[in-house]
Amino acid sequence: MQISLEARPFAELQTAALVSYVFEETDPVQGRVAELDQKTGGLLRKLAQGGELTGKTLEMTLVHAPAGLPAERLLLVGAGKREQYGSTQLRKLAGAALRHLKGRSVKQFAFLVREGEATAEAAQAVTEGLIFANFESDKYKSEKKNGKEVDAVLLAGWDGESRAAGETGLQRGRIIGDAQNFTRDLVNEPSNKLTPRILAERAEAMAREAGLAVEILDEKKIAELKMGALLSVAQGSVEPPRVMVVTYTPANAKPGAPVIGLVGKAVTFDTGGISIKPAEGMEKMKYDMAGGATMLGVMRALAALKPSVKVICVVPSTENMPGGKAQKPGDIQVAMSGKTIEVLNTDAEGRLILADGVTYAKQLGATQLIDAATLTGAIVVALANVNVGVFGSDQAFTDKLLASAKACGEKMWPMPMDDEYREFIKGTMADIQNIGSGKGGGAITGAMFIKEFAGDAPWIHLDIAGTAWLDEAKPWAAKGASAVAVRTLVELVTKL
Ligand code: BES
Ligand code: ZN
Ligand code: ZN
């Protein structure tokens, strides 16, 4: 989809649809909407008086052949109350407008920003919203929705002095939107089309195209490195594991500067292993590589945005299968760090592979760590599909991440990490065990386990089990992978 800034006044745009948005207030016909009303001979005022134009969130008012405008359609989207309005609402309403028009086979339209809103931030939000919304989860359907994809959008209202800001925001928005869709495409893939080996190939291709350094560790190298926790999960499958290492190095890296380590869980299918999961809903476990796909998407964006810090991305990947060689409950494994782990439940495999991923990221020089994982069903109990669970060992670092999440409209909520929870994973036969002892707090126990391997390095764990997948489509998004946390992590790393 082509997105470009348009300098001509909106009243001259010959387009299939002219789109703008309306606030929910006593008189919704104000500012640019009043200009539109004037051009159309009082049409909008009439619609407002008749109750067909109220500004309520995501209300769609579509007028065909609006008199006085060369556009074929005029679409006004409800932006909700001004007090609650910001770039998060703008991103969603731009996306919802695109999906509304796409459903009506519109291929091209103009999006007109409101008066006083022609900023870089707004151009970025609109561009992200449009690109995200144009994505469909129909890669394997014979009749494709994305045959109906929108081809081109003009961003109108950024004229004169605001043009440079608009261009900056548009570029950043495109990079981030494309990165999110890269992640979504990977997460949507079923496990037969995305094994650890295939994921590694896709990561390698992405890195080469983006100009990032990349190394793929195969099962031999993984064994040489003594990644016993990762290997213990992989041993139950005929598919060999992989570890992807993608590195971004800034042009003039300062010695002694922090190095960010991004570690993502990429279990391409989680059956639970010998502690096998129930059949119902098991198909969803193809998304158990979402953490890894998130980090790869972030790297893709960072390659283009060129932050000033070095970033090392480590993605351990395996299937979790109950094959004849699978590990069994009670088995004791030695992680790469040397810590011994009693595997009481083979379904708590994410923390095992992250243990070695985190250890390796540290060995490669990462000084601050962030991991993302579809780690626990317990986080879905705690926060449902609304918030990402955020666990951290360093308050300042965690606060920065939460601020980034807020700034880019991704809902994340801090979870506790008190020392008391450490007791839950104390091993009886080994240093630690991979599940708690039935005392509850399952999401925290999972986080506590990973923290053991982060050591003293400031570390954040994002449990995205509830939020990485949309069971239902949203007005601004297809169902399937959500790419949650990509925007937040890009924001965090580029603003460090
Ligand atoms: N991949 C799952 C987490 C998950 C579960 C995501 C349900 C979405 C829905 C993870 O590997 C897992 O199975 N975790 C177990 C841990 C338990 C055995 C301590 C869980 O949450 O049930
Ligand atoms: Zn599991
Ligand atoms: Zn899992």
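What counts, and where the lines are drawn
- All residue numbers refer to positions counted from 1 along the written sequence of the respective chain.
- Naming scheme: in the order in which they are written, chains are lettered from A and ligands are numbered from 1.
- Under the rules for a predicted model, residues below a pLDDT of 70 receive no local features and side-chain atom pairs below 80 are neither given nor counted, while totals for whole chains, interfaces and linings still include all residues.
- To obtain the side-chain values, all non-hydrogen atoms of the structure were used and water was disregarded.
- A helix here means a DSSP run of H or I that spans at least four residues, while a strand means a run of E at least two residues long, and both kinds are numbered starting from the N terminus.
- Between the two quantities, the radius of gyration covers C-alpha atoms and the globule rule is 2.2 Å times the number of residues to the power 0.38.
- Buried means the residue's accessible area, taken with a 1.4 Å probe over protein chains only, is under 20% of the maximum for its type, while exposed means over 50%, and partly exposed covers the values in between.
- Surface accessibility in these figures is a Shrake-Rupley result with a 1.4 Å probe; residues are shielded only by whichever protein chains are displayed.
- The donor set covers N, O and S atoms within 2.8 Å of the metal, switching to 3.2 Å for Na, K and Ca, and it leaves out water, so a site may look short of donors.
- Metal sites are grouped by the angles between bound donors: all angles between 85 and 135 degrees with four donors is tetrahedral, opposite donors over 155 degrees apart with the others between 65 and 115 is square planar for four donors and octahedral for six, and any other pattern is irregular.
- One bridge is not enough; two strands pair if DSSP finds at least two bridges between them.
- Any residue with a non-hydrogen atom lying within 4 Å of a molecule or strand is treated as near it.
- Contacts described as polar in this section are N or O atom pairs within 3.5 Å, which, within protein, must combine one atom able to donate a hydrogen with one able to accept it, while residues neighboring in sequence count only if both atoms come from side chains.
- Note that Gly is not counted as nonpolar here; it falls among the polar residues with everything else outside the nonpolar set of Ala, Val, Leu, Ile, Met, Phe, Trp, Tyr, Cys and Pro and the charged set of Asp, Glu, Lys and Arg.
- In what follows, a contact means two residues having at least one pair of non-hydrogen atoms within 4.5 Å.
- By convention here, the domain bounds are inherited from an automatic or database domain assignment.
- What gets called buried area is simply the loss in accessible area from a 1.4 Å probe that two parts show on being joined, summed for both.
- Definition used for salt bridges: Asp or Glu carboxyl oxygen within 4 Å of a side-chain nitrogen of Lys or Arg.
- The set of buried Ala, Val, Leu, Ile, Met, Phe, Trp, Tyr and Cys residues whose side-chain atoms join them within 4.5 Å is what this entry labels a nonpolar core.
- Patch criteria: residues need more than 30% relative accessible area and no salt bridge. Like-charged residues are merged within 9 Å; nonpolar side chains of Val, Leu, Ile, Met, Phe, Trp and Tyr are merged within 5 Å.
- His is not counted here, nor are the chain ends, while Lys and Arg score as positive and Asp and Glu score as negative.
- Here the site of a charge means NZ on Lys, CZ on Arg, CG on Asp, or CD on Glu.

Draft legend 1. Fine view of the overall build of the chain. A tally of regular secondary structure across the chain gives 14 helices and 20 strands. At 24 Å, the chain has a C-alpha radius of gyration in line with the 23 Å of a compact globule built from 496 residues. Overall, the C-alpha framework of the chain stretches about 80 × 50 × 45 Å when taken along its three principal axes. Each of the 496 residues in the chain was classed as buried or not, and the buried ones make up 57%. When the accessible surface of the chain is totalled, it reaches about 19,800 Å², and 50% of it is carbon and sulfur.

Draft legend 2. Representation of the coordination of the zinc ion (ligand 3). Listed as protein donors to the zinc ion (ligand 3) are Lys265 (NZ), Asp270 (OD), Asp288 (OD) and Glu349 (OE); their distances from the metal cover 2.0 to 2.4 Å. In this structure, the zinc ion (ligand 3) is coordinated by six donor atoms arranged in octahedral fashion, with angles at the metal of 78 to 172°. Counting residues between consecutive donors of the zinc ion (ligand 3) along the chain gives the motif K-x4-D-x17-D-x60-E.

Draft legend 3. Expanded view of the sheet that holds strand 13 (residues 340-343). Pairing within the open sheet is mixed, and its three strands lie in the order 12-13-17. Of all the strands in the sheet, the pair left with one neighbour each is strand 12 (331-334) and strand 17 (432-433). Bridge analysis of strand 13 against strand 17 gives two bridges, and the strand direction is parallel. Its bridge partner lying in strand 17, Glu342 is registered against Gln433.

Draft legend 4. View of the coordination of the zinc ion (ligand 2). Protein coordination at the zinc ion (ligand 2): the donors are Asp270 (OD), Asp347 (O), Asp347 (OD) and Glu349 (OE), at 2.0 to 2.2 Å from the metal. In this structure, the zinc ion (ligand 2) is surrounded by six donor atoms whose angles at the metal cover 70 to 167°, and the resulting shape is irregular. Written as a sequence motif, the donor arrangement for the zinc ion (ligand 2) is D-x76-D-x1-E. Taking relative accessible area as the criterion, Glu349 reaches 0% and is therefore assigned buried.

Draft legend 5. The arrangement of the environment of Val381 in detail. Structurally, Val381 is set in helix 11 (residues 378-383). For Val381, a relative accessible area of 75% corresponds to the exposed category. Here the alpha-carbon distance between Val381 and Ala447, two residues 66 residues apart in the chain, equals 15 Å.

Draft legend 6. Representation of the site of ligand 1 within the structure. In the vicinity of ligand 1 lie 16 residues, with Lys277, Asp288, Asp347, Glu349 and Gly377 positioned nearest. Lys265 places a side-chain nitrogen or oxygen 3.1 Å from an oxygen atom of ligand 1. A distance of 2.7 Å separates an oxygen atom of ligand 1 from a polar atom in the backbone of Gly377. Protein chains bury 76% of the 510 Å² of accessible surface belonging to ligand 1 in isolation. Considered class by class, the residues forming the shell around ligand 1 number five nonpolar, four polar and seven charged.

Draft legend 7. Focus on the side chain of Glu239. Among the secondary structure elements, Glu239 is positioned in the loop between helix 8 (228-234) and strand 8 (242-248). A relative accessible area of 17% means that Glu239 is categorised as buried. Within the structure, Glu239 has its side chain in polar contact with the side chain of Arg197 (distance 3.1 Å). In contact with Glu239, not counting residues within four places along its chain, are Thr195, Pro196, Arg197 and Glu319.

Draft legend 8. Quick look at the domain arrangement of the chain. With domains assigned, the chain is organised as domain 1 (2-134) and domain 2 (178-495). Placing the centre of domain 1 and that of domain 2 at their C-alpha centroids yields a distance of 39 Å. In this assembly, twelve residues from domain 1 lie in contact with 15 residues from domain 2. Together, the buried faces of domain 1 and domain 2 total about 1,100 Å²; carbon and sulfur atoms form 57% of this surface. Of all residues in domain 1, Arg99, Ile131 and Phe132 give up the largest surface area on contact with domain 2, accounting jointly for 52% of the area buried on that side. Put simply, domain 1 and domain 2 have one salt bridge between them. The shortest N-O distance in the salt bridge between Glu128 and Arg487 comes to 3.9 Å. Every element with two or more residues in the side of domain 1 that touches domain 2 is listed here: helix 3 (87-102) and helix 4 (120-133). Of the residues forming the side of domain 1 that touches domain 2, the biggest block, seven residues, is contributed by helix 3. Of the residues belonging to the side of domain 1 that touches domain 2, the class tally is five nonpolar, three polar and four charged.

Draft legend 9. Examining the nonpolar core more closely. Counting 112 residues, the largest nonpolar core has Leu296, Met299 and Leu462 as the members making the most contacts within it. Ranked by residues supplied to this core, first place goes to helix 9 (residues 290-305) with nine residues. With sequence-adjacent residues up to four places away left out, Met299 is seen in contact with Met206, Leu212, Val246, Thr247, Tyr248, Leu262, Val311 and Cys313. Counting 35 residues, the second largest nonpolar core, distinct from the first, contains Ile3, Leu98, Leu101 and Ala133.

Draft legend 10. Seen up close, a positive patch on the surface. A contiguous patch of positive charge, built from Lys92, Lys406, Lys411 and Lys474, is present on the exposed surface. Mapped onto the secondary structure, Lys406 falls in helix 12 (residues 395-407).

Draft legend 11. Expanded view of the pairing of strand 9 (residues 259-264). The element strand 9 is extensively covered by neighbouring structure, given that six of its six residues are classed as buried. Burial of strand 9 is two-sided: the residues Val259, Gly261 and Val263 facing one way and the residues Ile260, Leu262 and Gly264 facing the other way are all buried. By the bridge criterion, five bridges tie strand 9 to strand 11 (residues 310-320) in an arrangement that is parallel. When the sheet's bridge partners are listed, Val263 is paired in strand 11 with Val314. In this sheet, strand 14 (residues 368-373) lies alongside strand 9 in parallel orientation, the contact comprising five bridges. Each bridged residue has a counterpart across the sheet, and for Leu262 the counterpart in strand 14 is Ile370.

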